[in-house]
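# Chains, contacts and geometry: an overview
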Amino acid sequence: MHVESGTVWNDCLEVIREDIGEKSFETWFKPIKPVRYENNILTIQVPSQWFYEWLEEHYIGVLKKAIHEKLGPEAKLQYSVIVDRGNASNSPMSVKLPHSEARNNAIDEMDNYVSPFKIPEIGIDQRDSQLNPNYIFENFVEGDCNRLARSAGFAVAQKPGITSFNPLMFYGGVGLGKTHLVQAIGNEVKKKFKNKFVLYVSSEKFTSQFIGALKNNKIQEFQNYYMQVDVLLIDDVQFLAKKEKTQEIFFHIFNHLHQMGKQIILTSDSPPKDLKGLEERLLSRFKWGLTADLQLPDYETRVAIIMSKMENDGLSIPDEVTEYLAYSVETNIRELEGVLISLIAHASLNRVDIDLELAKQTLKNIISDIDTEVDIDYIQKTVAEYFDVNARALKDKIRKKEIVMARQVAMYLAKMFTRHSLKAIGMHFGGRDHSTVIHSIQAVEDMMDTNSGFKASIKELKEKIKIKAT
Ligand code: ADP
Ligand code: MG
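Residues numbered from 1 in each chain as written. Chains lettered and ligands numbered in written order. Predicted model: local features only at pLDDT ≥ 70, side-chain atom pairs only at ≥ 80, totals over all residues. Heavy atoms only, no water.

## Describing the packing of aromatic side chains
- The full count for this structure, using the stated rule, is 16 aromatic pairs.
- Summarising the aromatic geometry, the rings of phenylalanine 206 and phenylalanine 250 are spaced 5.7 Å apart at their centres and angled 80° between planes, so their arrangement reads as edge-to-face. Of this pair, phenylalanine 206 sits in helix α7 (residues 203–215) while phenylalanine 250 is found in helix α9 (residues 244–259), placing the two residues 44 residues apart along the sequence. As far as burial versus exposure is concerned, phenylalanine 206 and phenylalanine 250 are alike and both buried.
- On the basis of an interplanar angle of 50° and a centroid distance of 5.7 Å, the ring pair of phenylalanine 210 and phenylalanine 222 is categorised as tilted. Here phenylalanine 210 is found in helix α7, whereas its partner phenylalanine 222 is found in helix α8 (residues 219–227), with 12 residues between them in sequence. Judged on exposure class, the residue phenylalanine 210 and its partner phenylalanine 222 are both buried.
- Here a set of aromatic residues connected by ring pairs shows up, and it is made of Phe197, Phe206, Phe210, Phe222, Tyr225, Tyr226, Phe250, Phe254, Phe286 and Trp288.
- Positioned above the aromatic ring of phenylalanine 251 is the side chain of arginine 281, whose terminal nitrogen or guanidinium carbon lies 3.8 Å from the ring centre. (Phe/Tyr/Trp six-rings, centres within 6.5 Å; stacked < 30°, edge-to-face > 60°. Helix = DSSP H or I, 4+ residues; strand = E, 2+ residues; numbered from the N terminus. Buried < 20%, exposed > 50% of the residue type's maximum accessible area, 1.4 Å probe, protein only. Lys NZ or Arg CZ within 6 Å of the ring centre and 35° of its normal.)

Written as structure tokens, this is what we have:
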């Protein structure tokens, strides 16, 4: 006798509905479609791999009971999982559920495989969040450069998974605070919600864990581990570029977590549209929530960051040193911190106070270490000597013709030999604004075009400065 799968399934649903709540029924059983009933095997179609796993994890007992009751003890259940909905050429994947006799064993096995928090083979250990407790909101200085990112991050930390900022993605260059900010969110969530499983992972670590899982046949464990996370912080996703298999599993984990209302926070060195080597379907998901950038901090924010770091260390430095550092180090916050650390080290090793002279000396050493750059002071000194004027006059308001000329040349060379912005260069010349610097550079270039003697002088000066720079 031919029995329609729809009828059979409806019978089962009646039993299931009595066993579980209405909401669970709606969520987990409404989306199921019966496919066929043949040779005592009922095949049902579920929307995704995760759906299938969720059913097995939470409803295997209910399902078994209904099937036995309505179809007899010999009946078996088989799933047809839609692997990729958007692709008609992709035939659905089928996954068989174990025999009814093996049910208890199967459940035991399943218990083993749904909650493995310790998978040493692939470097996964316990419910450890991998967070650095020093990265918190309290010491993350707010400025125009990070206001949106910070406040979105803070909002998400108060209500993980509930705001529309899911995923939340931060992007920006190195040393601008991406890692600090995502970790601050993680620490904040843990403080507020003791039971939430927060996990911080770099994309490199995620990749190497995944490769380990592949080698050790532990993909399922790997996947399950990540699917239990309530708040997933994944740092530097640009490193997933061109790693197709890793992207694929991340895509599935992402979908599962998102579907379950779990929070995902990502960082990257560039906005999604510029991320090369990442699959389009991943990039499009990154754009579902909110994308916020971290920019270079402006001068005021740099001052605030220096003050905050010194305060944290219980140290104080003269204002002029803070200002000098904030003017001089404008590449990123990590570099600013590096300068501060070595300044503190010098002062304590040599038992001297931190003053402007020490700051300049330290900065000179560090910067020539980093990229053999000369500083503006050196350029001013060299130019003043060359034209036989007083170096300090370059920073003053003096309008004597030869001083104006030397000042313009020094600005021109500062632009050429340092990474400072026009604004910062202007500040080094007695607080002049950036339009003055532009004007000076223009004036020098014009004069070189028309005056070959002057041009030769500039060439000579460049040689002098270049010797110092290399
Ligand atoms: P990224 O991950 O973007 O490369 P990090 O988060 O590692 O940058 O930040 C580099 C350093 O600068 C860290 O030590 C961090 O604490 C510090 N930092 C970055 N932004 C801020 C900020 N707004 N306030 C205080 N410290 C900051
Ligand atoms: Mg980082």
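Still more ground to cover, so stick around.
## Observations regarding unusual backbone geometry
- For the bond running from asparagine 166 to proline 167, omega is 5°, close enough to zero to count as cis.
- Within the secondary structure layout, proline 167 lies in the loop between α5 (147–158) and β7 (168–171).
- Its identity as a non-glycine residue notwithstanding, glutamine 130 has a phi of 60°, on the positive side.
- Among the structural elements, glutamine 130 can be located in the loop between β6 (124–125) and α5.
- Look at glutamine 130 and you get partly exposed, because its relative accessible area is 32%.

## Description of the nonpolar core
- Ranked by internal contacts, the top residues of the largest apolar core, which has 29 residues, are Phe206, Tyr226, Phe250 and Phe286.
- Mapped onto this core, the elements with two or more residues apiece are β8 (198–202), α7, α8, β9 (231–235), α9, β10 (263–268) and α10 (280–286).
- When residues of this core are assigned to their parent elements, the largest contribution, six residues, is made by α9.
- Look past the residues within four positions of phenylalanine 250 in its chain and what remains in contact with it is Phe206, Leu232, Ile234, Leu240, Leu266, Leu282 and Phe286. (Core = buried A, V, L, I, M, F, W, Y, C linked by side-chain atoms within 4.5 Å. Contact = heavy atoms within 4.5 Å.)

## Things to note about the pairing of strand β1 (residues 33–38)
- As paired strands, β1 and strand β2 (residues 41–46) are joined by five bridges and run antiparallel to one another. Looking across to β2, one finds that proline 34 is bridged to isoleucine 44.
- The turn joining β1 and β2, which pair antiparallel and follow one another in sequence, is formed by two residues; a positive phi near 50° is taken by asparagine 39. (Pairing = 2+ DSSP bridges.)

## Let's talk about the environment of isoleucine 344
- Here isoleucine 344 is to be found in helix α13 (residues 333–349).
- Residues isoleucine 344 and isoleucine 354, spaced 10 residues apart in sequence, show a C-alpha to C-alpha distance of 7.4 Å.
- Sequence-distant contacts of isoleucine 344, defined by excluding residues within four places in its chain, comprise Met310, Asp313, Leu315 and Ile354.

## Concerning the packing of α7 against α8
- As a packed pair, α7 and α8 sit with axes 7 Å apart at the nearest point and diverge in direction by 145°. From α7, Phe206, Gln209, Phe210, Ala213 and Leu214 reach across to α8, where they touch Ile219, Phe222 and Tyr226.
- Grouping the constituent residues of the contact of α7 with α8 by class yields seven nonpolar, one polar and no charged. (Axes fitted to C-alpha atoms, helices over the stretch in contact; angles between N-to-C directions. Nonpolar A, V, L, I, M, F, W, Y, C, P; charged D, E, K, R; others polar.)

## Examining a negative patch on the surface
- The grouping of Asp319, Glu320, Glu323, Asp353, Asp355 and Glu357 at the surface amounts to a negative patch.
- Ranked by residues supplied to the negative patch, first place goes to helix α12 (residues 319–328) with three residues.
- In this structure, aspartate 353 sits in the loop between α13 and α14 (356–371). (Patch = residues over 30% accessible without salt bridge, like charges linked within 9 Å, V, L, I, M, F, W, Y side chains within 5 Å. Areas by Shrake-Rupley, 256 points an atom, 1.4 Å probe, with all protein chains shown as cover. Salt bridge = Lys/Arg side-chain N within 4 Å of Asp/Glu carboxyl O. Lys, Arg positive; Asp, Glu negative; His and termini not counted. Charge placed at Lys NZ, Arg CZ, Asp CG, Glu CD.)

## Looking at the site of ligand 1
- Lining the immediate surroundings of ligand 1 are 18 residues, of which Val141, Gly175, Lys178, His180 and Glu337 lie closest.
- Glycine 177 has a polar backbone atom sitting 3.0 Å from an oxygen atom of ligand 1.
- Considered on its own, ligand 1 offers 560 Å² of accessible surface; in the complex 94% of this is hidden by protein.
- Mapping ligand 1 onto the cavity grids shows that it belongs to the second largest pocket.
- Each residue belonging to the shell around ligand 1 can be placed in one class, and the counts come to seven nonpolar, seven polar and four charged. (Near = heavy atom within 4 Å. Polar contact = N/O pair within 3.5 Å; in protein donor to acceptor, adjacent residues only side chain to side chain. 1 Å grid on protein atoms, 1.4 Å probe; cavity = no way out; pocket = protein on both sides within 12 Å on 5 of 7 lines; lining within 4 Å. Sits in = over half its atoms within 2 Å of the grid points.)

## Things to note about the environment of asparagine 312
- Within the fold, asparagine 312 resides in helix α11 (residues 299–312).
- A relative accessible area of 52% places asparagine 312 in the exposed class.

## Details of the sheet that holds strand β11 (residues 290–293)
- With respect to topology, five strands assemble into an open sheet ordered β8-β9-β10-β7-β11, the strand pairing being parallel. A strand with exactly one partner marks an edge of an open sheet, and here the two such strands are β8 and β11. For this sheet, the mean angle separating the axes of adjacent strands, direction not counted, is 15°.
- Where β7 lies against β10, four bridges are found, and the strand directions are parallel. Residue pairing in the sheet places phenylalanine 170 in a bridge with threonine 267 of β10.
- Where α7 meets the sheet, its contacts fall on β8 and β9, and the angle it forms with β8 comes to roughly 90°.
- Strands β9 and β10 of the sheet are contacted by α9, whose axis makes an angle of about 140° with β10.

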